[in-house]
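Observations on the three-dimensional arrangement
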Amino acid sequence: MSKTMEEEKKQIDRFDGNIPFSRAVKAGKRIYYVDVKESRNGEYYLALTESKKLVSGSEDNPQVTFEKHKLFLYREDFDKVLDALNEAISFVEEQQGKAEPRPASDKDIHIDVEF
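The present account deals with the structure reproduced in this document. On a predicted model such as this, the values are computed, not experimentally measured, just so you know. (Residues numbered from 1 in each chain as written. Predicted model: local features only at pLDDT ≥ 70, side-chain atom pairs only at ≥ 80, totals over all residues. Heavy atoms only, no water.)

1. Remarks on the pairing of strand β5 (residues 62-74)
Across 13 bridges, strand β4 (residues 44-57) lies against β5 in antiparallel orientation. For S56, the partnering residue across the bridge sits in β5 and is Q63. Taking the residues between adjacent antiparallel strands as the criterion, β4 and β5 are bridged by 4 residues. (Pairing = 2+ DSSP bridges. Helix = DSSP H or I, 4+ residues; strand = E, 2+ residues; numbered from the N terminus.)

Written out as C-alpha cells, the structure is:
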C-alpha cells in the first residue's frame, strides 16, 4: 500500500490532538514538519519534527524505516529560542557564507507504509 507524505502525516496526527497549522518542508532526504498544536488546556505550542528515510536490507528486499526527532517549543520560550537561532544562523553565514538553495524537485515524495 503506497501513501503520500501528507496522507501518512494525517494518519499520525489523528493521535496527536488538534493541529490548527502545519507545514512540511522537503529538504533532500529529510522532511521537516512545523506544526502548531493545541494542548488540553487550549494553549498553542510548536512541534518541530525531522523525518529521515532509512533504507536497509538487500536490494531485493529493502527495509524502509523513518527516523524521527521531535522538539516541542512552548510560547513563553519563542523569543529566546528565535534569538538564539538567528544568532547561530548569522554565525554560520559569517563563517561560511550563505548556503545555496536546494534545487526544486519535480518528483513527489511517496511513503510506503504497511501495517
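2. Structural notes on the packing of aromatic side chains
Enumeration over the complete set of coordinates arrives at 2 aromatic pairs. By the ring-pair criterion, three or more aromatic residues cluster together here, those being Y45, F72 and Y74. (Phe/Tyr/Trp six-rings, centres within 6.5 Å; stacked < 30°, edge-to-face > 60°.)

3. A closer look at the sheet that holds strand β3 (residues 30-38)
Taken in spatial order, the 4 strands line up as β2-β3-β4-β5 in an open sheet, and their pairing is antiparallel. Each edge of the sheet is formed by a strand with only one pairing partner; in this case those strands are β2 (21-27) and β5. Strand-to-strand, the axes of this sheet are offset by a mean angle of 20 degrees, without reference to chain direction. (Axes fitted to C-alpha atoms, helices over the stretch in contact; angles between N-to-C directions.)

4. Comments concerning the pattern of salt bridges
Taken as a whole and assessed by the stated rule, the structure comprises 2 salt bridges. E50 is paired through a salt bridge with R30; the nearest N and O atoms lie 2.6 Å apart. Residue E50 is found in strand β4, and its partner R30 is found in strand β3; the two are separated by 20 residues along the sequence. Note on R30: relative accessible area 30%, which makes it partly exposed. In this structure, the salt-bridge partner of R75 is E43, at a minimum N-O distance of 2.9 Å. One end of the pair, R75, is in the loop between β5 and α2 (78-96); the other, E43, is in the loop between β3 and β4, with 32 residues separating them in the sequence. Residue E43 is classed as partly exposed on the basis of its relative accessible area of 34%. (Salt bridge = Lys/Arg side-chain N within 4 Å of Asp/Glu carboxyl O. Buried < 20%, exposed > 50% of the residue type's maximum accessible area, 1.4 Å probe, protein only.)

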